[in-house]
Each structure stands twice: as structure tokens, then as C-alpha cells.
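# Breakdown of the fold
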Amino acid sequence: MAEYSKKMKFRFHVLGLPHTKTTEEYVACAYTQKALKFCKMMKERGHYVIHYGTAGSNPICDENVEVLSEETFNRVYGDHDFHSKWFKFDINDDAYQEFYRRGIEEVGKRKQLNDFILPFWGAGTRPICDAHEDIIVVEPGIGYSYGHWAKWKVFESHALLHAYKGLGAASHCNMDWYETVIPNYFDLKDFEVGSEEDREDYMLFVGRVYDGKGVNIAIDTTRKLGIKLKVAGQLDESYEDYDWPDHVEFVGYVGVEERKQLMKKAKGSYVASMYIEPFGGVQVENLLCGTPTITTDWGAFAENNIEGVTGYRCRTFADFVEATRKVMNQEISYEECRKQGERFSLEAIAPRYEKFFEDVMNVYTKNGWYEVN
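Now for a description of the structure that goes with this document. (Residues numbered from 1 in each chain as written. Predicted model: local features only at pLDDT ≥ 70, side-chain atom pairs only at ≥ 80, totals over all residues. Heavy atoms only, no water.)

### Regarding the sheet that holds strand β1 (residues 11-15)
What counts, and what does not: The criterion for strand pairing is that DSSP finds at least two bridges linking the strands in question. Here a helix means four or more residues in a row that DSSP labels H or I, a strand means two or more in a row labelled E, and each is numbered from the N terminus. Here the axes come from fitting lines to C-alpha atoms, over the contacting stretch only for helices, and the angles between their N-to-C directions go from 0 to 180 degrees. Contacts were defined at the residue level, with two residues in contact if any of their heavy atoms lie within 4.5 Å.
Pairing is parallel across the open sheet formed by 7 strands, whose spatial order is β3-β2-β1-β4-β5-β6-β7. Because the sheet does not close on itself, it has two edges, and the strands there are β3 (63-68) and β7 (179-181). When strand polarity is set aside, the average angle formed by the axes of neighbouring strands in this sheet is 20°. Pairing geometry for strand β4 (residues 116-119) and strand β5 (residues 136-142), over 2 bridges, is parallel. What sits directly across from Ile 117, in β5, is Val 137. Contacting β5, β6 (152-155) and β7, helix α5 (residues 158-165) runs over the sheet at an angle of about 155° to β7.

### Details of the pairing of strand β11 (residues 268-271)
To keep things clear, this is the line we draw: For every residue, the accessible area (1.4 Å probe, protein chains only) is compared with the maximum for its type, and the residue is labelled buried under 20%, exposed over 50%, or partly exposed between those bounds. A crossover gets the label right-handed when its path from the first strand over the helix to the second runs clockwise, viewed with the strands pointing away from the viewer.
Going residue by residue along β11, you find Gly 268 and Tyr 270 tucked away on one face and Ser 269 and Val 271 tucked away on the opposite face as well. With 3 bridges joining them, β11 and strand β12 (residues 293-296) adopt parallel strand pairing. Bridge pairing in β12 links Val 271 to Thr 295. Since β11 and β12 lie parallel, the crossover through helix α8 (residues 281-288) that links them has a hand, and here it is right-handed.

### Thoughts on the pattern of salt bridges
For the record, the criterion: Think of a salt bridge as a Lys or Arg side-chain nitrogen and an Asp or Glu carboxyl oxygen that are within 4 Å of each other.
Within this structure, the stated rule accounts for 34 salt bridges. With a shortest N-O distance of 2.8 Å, Glu 354 and Arg 45 are connected by a salt bridge. Of the two residues, Glu 354 is situated in helix α12 (residues 346-365) and Arg 45 in the loop between α1 (30-43) and β2 (48-54); the sequence distance between them amounts to 309 residues. Neither Glu 354 nor Arg 45 differs from the other in exposure class; each is buried. With a closest N to O distance of 3.9 Å, Arg 102 and Glu 66 form a salt bridge.

### Some words on the sheet that holds strand β13 (residues 311-314)
Pairing in this open sheet of 6 strands is parallel, and the strands run β10-β9-β8-β11-β12-β13 from one edge to the other. At either margin of the open sheet sits one strand with a lone partner, and together these are β10 (248-252) and β13. Each strand of the sheet is rotated relative to its neighbour by a mean of 20°, with strand direction disregarded. Two elements, strand β8 (residues 202-206) and β11, share 3 bridges in a ladder whose sense is parallel.

### Comments concerning the side chain of Asp 187
We apply this condition: The term polar contact refers here to a pair of N or O atoms within 3.5 Å; inside protein, the definition further demands a hydrogen-donor-capable atom paired with an acceptor-capable atom, and it admits residues adjacent in sequence only when both atoms are side-chain atoms.
Checked against the element boundaries, Asp 187 lands in the loop between β7 and β8. A relative accessible area of 9% places Asp 187 in the buried class. A distance of 2.6 Å separates the side chain of Asp 187 from the side chain of Lys 40, its partner in a polar contact. Setting aside anything within four residues of it in sequence, one finds Asp 187 in contact with Lys 37, Lys 40 and Leu 346.

These results come straight from atomic positions and should not be treated as a statement about function.
Right, dumping it as C-alpha cells:
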């Protein structure tokens, strides 16, 4: 794809999430991190970025507007330890209602003709978008399986776009030029490739700790091979009282620096999602540390995990065992993993978003699909 010309400058209203703060501390929430990184990505390319979020958010932007007070946030979510359990939220609670009310008001004070408003939590912040139908709503980084509504949609993978369109789209001409795919994006400063000397004799699992993410597969495979496994992440309730086997070390929630160290020292990492993975950001995070990934063979992994290059895609237990043997024997190049991971850097993805925003803007201001830039 041709490099975007960067002639157009845009104004973005970025909506954070009511149940998190737009900071690196909430690294386990992919949607929060997309909002955080989008602000930096577009601000650094000269666009005007206004972020709306919870008190304590600290994105790189032109305006950081508080629409949820610290007092309300603490009252609603303060007794919930998101470091050990999955995030708590309810769109009917006081935090969401305050976020909606003040978000509608604050966007109204700042909006201009042909601004973009971006609900990174999808339908979770739709009421603010619905109150401002005179500006352009784009659903960015869609990684959820329901609640899509905006005219302009950006999916994280072709796998999710195709699932969204359904089998009917294979036999009927109902595709939309502006339902596009742009991958998730990562800040290279957060990762460091590990050398062969850095690597220790363990496999890694990072993510929500439940069988849907394949932690059970990681446990069973490493048990079979007598290999150490380190597990990091928030516990699903099904694993809160789990008796970890002797070969497994549960390290809990990890921040950006701890994640980097775990990934750069691991021989390999499991990302064995049992559903059609919309993107699987942990897989790319591993690659940016040079760490091969062992995944299932569906969803975005079919696009991003290159067989024998960045890792292996598996369908049977035997596949997982053989892939682990190869990874432990360092048969995958750490340097090549990093190279492939860099395809998802902020610098690589920003022009693709800019091109999409220009295409959409042409619909409002020029000749639409027929405009030749």
C-alpha cells in the first residue's frame, strides 16, 4: 500500500473507557491500550487529538478532558482488584452514566464540522456518539463480536471482518468498501528483543487465565515435555482457587516492564485461543521481543503467525508438543520474529489509518469513492 501523503490534518475526539484509566497501568485491557496508543500515534503525526476519559488518564494528546471523576470511579470500582481478577463494568452503573453525561457535554463544547469521534469501546460509549450525529463516527480497532453500529468500521483482522459479514457474503454481493481492516498497533519503546543468551528454559503464557485463552493447553503440553511454564495475567473465576502444578509458576498481573522481561527471556509463548481470535495482541507483543509464538490455527493467527517463521499453528495435542520441542530447540529466528512484529508498529500502522480517514472525509467533502487523491 502506498505511503499516505499526510496532506490532510484531522481532528479526533477519542473516547476512553469508563471502567479504566487511559494509562499503561491498564495494560491488560486491549481497548484502553488502543485508545492510549492512538492518541500518541496521531498527535505525533500532527493531528489534533482530544481525549475524554477518567480522572488520572494520561494520554499524549492536545486536550485531556476529564468526564469521570476520581470520586465516582473509586466509589464504583475502587473495591475491585483488576490486577488479580478480570475487569468489572456495567453500562448502567453510576460511572458509565456520569461518563456519558459529561462526555456528551464536553464533546459538544469542542466539536467542529467534519471532526471524527472514535469509540474505542464500541457500543460501550455509543450514547456519546449518538448525541453528536453531526460529526463523523468511526469504530476503530474492532475486536469485539457484537454491538457494531457505526457506518464507518475498522476491524483488527480479516478473520473478524469475514466472521462479521457471515457466510452470506460468500454468495451475495453485499460487501462495503468502507468496512476495512487495519491491524492493531504497538509502541516499539515497550519491547526489547532477547538474544539467545537472554533466553531461559521456560515457556510463557500471558493473558486472561482461563481455558478460552488456552492456558490448559500450555499446562498440559509443558507437563508432557517436563518444561517449566510461567503464567501471567488476570485470573478468571475458574482459576481463582486452582492448584498450580509443580512445573508452573504463576506470576500474576504484569505491567509493561515486567511483561517485556518475561517475553524477552522465554524460549517461546503460547497464545492458544479457542475462539476466532479477533487479533491476539499478545502474539505480536511476543514477536516484538523476538519470542516465537505457538497458536491455534484460526482467527487472526492465520494472518499474523507465519508457520515456521514466527512460530507454529496447531490443531492437535501432538502439534503443540512438536511445536514446543522446536521452539525450545531455538529453531525459530528471534531476529525474524522481531522483524515481523515491527509490521505492527505505530509508525507502520499510522499511514493506514490516515488513508482510511482521508477516504471517509472524501465522502463528506469531495467525490467520495471516485475521488482520486
